Amino acid sequence: MIELEGVPELIDPVMVAAFEGWNDAGDAASTAVAHLEREWKGEVFAALDAEDYYDFQVNRPTVFMEGGVRKITWPTTRLSVVRVGGDKPRDLVLVRGIEPSMRWRSFCNELLGFAHELGVELVVILGALLGDTPHTRPVPVSGVTSDADLARRMNLEETRYEGPTGIVGVLQEACAHAGVPAVSLWAAVPHYVSQPPNPKATLALLNRLEDLLDLRVPQGELSEDARAWQTGVDQLASEDSEVAEYVQTLEEARDTAELPEASGEAIAREFERYLRRRDVGGPGGHATADGSDSGPYRRDAPSGRTRPPRPPKPETPGASEGDETDGSED
């Protein structure tokens, strides 16, 4: 039985979930949820029992010292709540964890139990996959759903993916069977520079989440990190003629394929995002300039800066084993 002590009645709650592992290329999706939790000072209110879902030889616990006492952190999935202020306040239920090793159906049912108890109206699952996309261009983010009506109303793709799936696809379908509206947002990460972190892909996911939910996400240091990441990869790629030539090939293919993107709709979408950010405290702005926000859920968390990884030489122009390159996974 799920008991949610200390969690007040929520306002128009949306569940936003991401899982480390197969569905998290470059750690882009899990980092996005961690960013939301950090910037809005989320308070963890529940954690799933690690014994039920994780193989500890695959995802090992870690030992740390606190006040001279040794403690263990177990791999699990945790839930927190953040309040997004502004003219139209709402709550986000953040789910961040590791793709489970076993009992996926029970895992999804437990998460849906929380969603039901909290009155969640929409589930948004973030994922990242490896693809043939150049790091020099905007990160493609596709939004998909299994619900044809939701696809029409929210301008999403109705998924047609067939093939191996991860916990994102399984949770998406569990939501559909339970009658809970669910959307998956997928960022495409360049397969030739797949090592985490990838702040550019994380930022792209958060921008798409902003558009989907009509809210403003404080970026903190993420924009600067994304620029530094691209500059670093540019410099490293330029040192290797094979990588530079391959990137140019991807750029040409991408630019040819996406000429229709320079449309009125795309320009309008970017202008709307600009208006949301122009006035932090005005309509559409839901946080203060320093990322703090009014609300009952507060928790300080350290923020770390990371350096861009060195891109390896590409072996083949296709994506690596285990990714879903069409961006239309469930």
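Look a little higher up for the structure.
Residues numbered from 1 in each chain as written. Predicted model: local features only at pLDDT ≥ 70, side-chain atom pairs only at ≥ 80, totals over all residues. Heavy atoms only, no water.

**Quick word on the sheet that holds strand β2 (residues 43-47)**
Note the cut-off: Whether two strands pair depends on DSSP finding at least two bridges between them. What counts as a helix is a DSSP run of H or I of at least four residues, what counts as a strand is a run of E of at least two, and both are numbered from the N terminus. Contact criterion: two residues are considered in contact whenever any of their non-hydrogen atoms come within 4.5 Å of each other. Comment: axis = line fitted to C-alpha atoms, over the contacting stretch for helices; angle = value between 0 and 180 degrees taken between N-to-C directions.
The strand order across the open sheet formed by eight strands is β2-β5-β6-β1-β7-β10-β8-β9, and the pairing between neighbours is mixed. One side of each edge strand has no neighbouring strand; the edge strands of this open sheet are β2 and β9 (157-158). Inspection of the sheet shows strand β5 (residues 78-84) paired to strand β6 (residues 90-98) by seven bridges, in the antiparallel sense. Directly across from Val 84, in β6, lies its bridge partner Arg 90. Here helix α1 (residues 28-39) sits on the sheet and contacts β1 (14-20), β2, β5, β6 and β7 (122-131); the angle it forms with β6, its principal contact strand, is near 135°.

**Some thoughts on the packing of aromatic side chains**
To keep it simple, the criterion reads: By convention, a stacked pair of Phe, Tyr or Trp rings (six-membered ring in the case of Trp) has centres within 6.5 Å and planes under 30 degrees apart, an edge-to-face pair has planes over 60 apart, and any other such pair is tilted. Burial status follows relative accessibility: with a 1.4 Å probe on protein chains alone, a residue under 20% of its type maximum counts as buried, one over 50% as exposed, and anything between as partly exposed.
Counted by the stated rule, this structure contains five aromatic pairs. Note on Tyr 192 and Tyr 246: the rings are 6.0 Å apart at their centroids and 80° apart in plane angle, and the pair reads as edge-to-face. With Tyr 192 in the loop between β10 (182-190) and α6 (199-213) and Tyr 246 in helix α8 (residues 241-257), this pair connects stretches of sequence that are 54 residues apart. The pair Tyr 192 / Tyr 246 is uniform in exposure class, with both members buried. Chaining the aromatic ring pairs together yields one cluster made of Phe 19, Tyr 53 and Phe 107.

**Focus on the nonpolar core**
This is how it is decided: Put simply, buried Ala, Val, Leu, Ile, Met, Phe, Trp, Tyr and Cys residues joined by side-chain atoms within 4.5 Å make one nonpolar core.
Val 16, Leu 92, Val 124, Leu 126, Leu 185 and Leu 213 are the most contacted members of the largest nonpolar core, which totals 40 residues. With eight residues, α6 is the single largest residue contributor to this core. Not counting residues within four places of it along the chain, the set of residues in contact with Leu 213 comprises Val 14, Arg 90, Leu 92, Leu 122 and Val 124.

**A short note on helix α3 (residues 104-118)**
What sets the pattern is the α-helix's 3.6 residues per turn: residues three or four places apart point alike. What counts here: To estimate the expected span of a helix, subtract one from its residue number and multiply by 1.5 Å.
Taking 1.5 Å of rise per residue, the 15 residues of α3 would be expected to cover 21 Å, and the 21 Å separating its terminal C-alpha atoms lies within 8% of that figure. Of all the residues in α3, the buried ones are Phe 107, Cys 108, Leu 111, Leu 112, Gly 113, Phe 114, Ala 115 and Leu 118. Gly 119 lies just past α3 and shows a positive phi near 75°.

**Considering the pattern of salt bridges**
If the charged atoms of two oppositely charged side chains come close together, the side chains can form a pair. Put simply, the test is: Salt bridge criterion: a side-chain nitrogen from Lys or Arg within 4 Å of a carboxyl oxygen from Asp or Glu.
The full count for this structure, using the stated rule, is eight salt bridges. For the salt bridge of Asp 255 with Arg 137, the shortest nitrogen-to-oxygen distance reads 2.9 Å. A residue pair is termed long-range when its members are at least 10 positions apart, and Asp 255 in helix α8 and Arg 137 in the loop between β7 and β8 (141-145) qualify at 118 residues. The partner of Arg 152 in a salt bridge is Asp 149, and the shortest N-O contact between them spans 3.6 Å. Of this pair, Arg 152 and Asp 149 both sit in helix α4 (residues 148-153), three residues apart, which is roughly one turn of the helix. On the accessibility criterion, Asp 149 (35% relative accessible area) is partly exposed. What you see here is one network of salt bridges that share partners, running through Arg 137, Glu 251 and Asp 255.

**Side note on the pairing of strand β3 (residues 62-66)**
Here β3 runs beside strand β4 (residues 69-73); their pairing, made up of five bridges, is antiparallel. Along β4, the bridge assignment pairs Glu 66 with Val 69. Counted between consecutive antiparallel strands, the loop separating β3 from β4 contains two residues, among which Gly 67 sits at a positive phi close to 60°.

**Section: the side chain of Thr 133**
Where we set the bar: Here a polar contact means two N or O atoms within 3.5 Å. Within protein one must be a hydrogen donor candidate and the other an acceptor candidate, and residues neighboring in sequence count only if both atoms are side-chain atoms.
For Thr 133, the position within the fold is in the loop between β7 and β8. Within the structure, the side chain of Thr 133 is placed 3.1 Å from the side chain of Arg 254, a separation counted as a polar contact. Apart from residues no more than four positions distant in its own chain, Thr 133 is found in contact with Pro 140, Ala 188, Val 189, Pro 190, Tyr 192, Leu 250 and Arg 254.

All we've got here are geometric facts, nothing functional implied.
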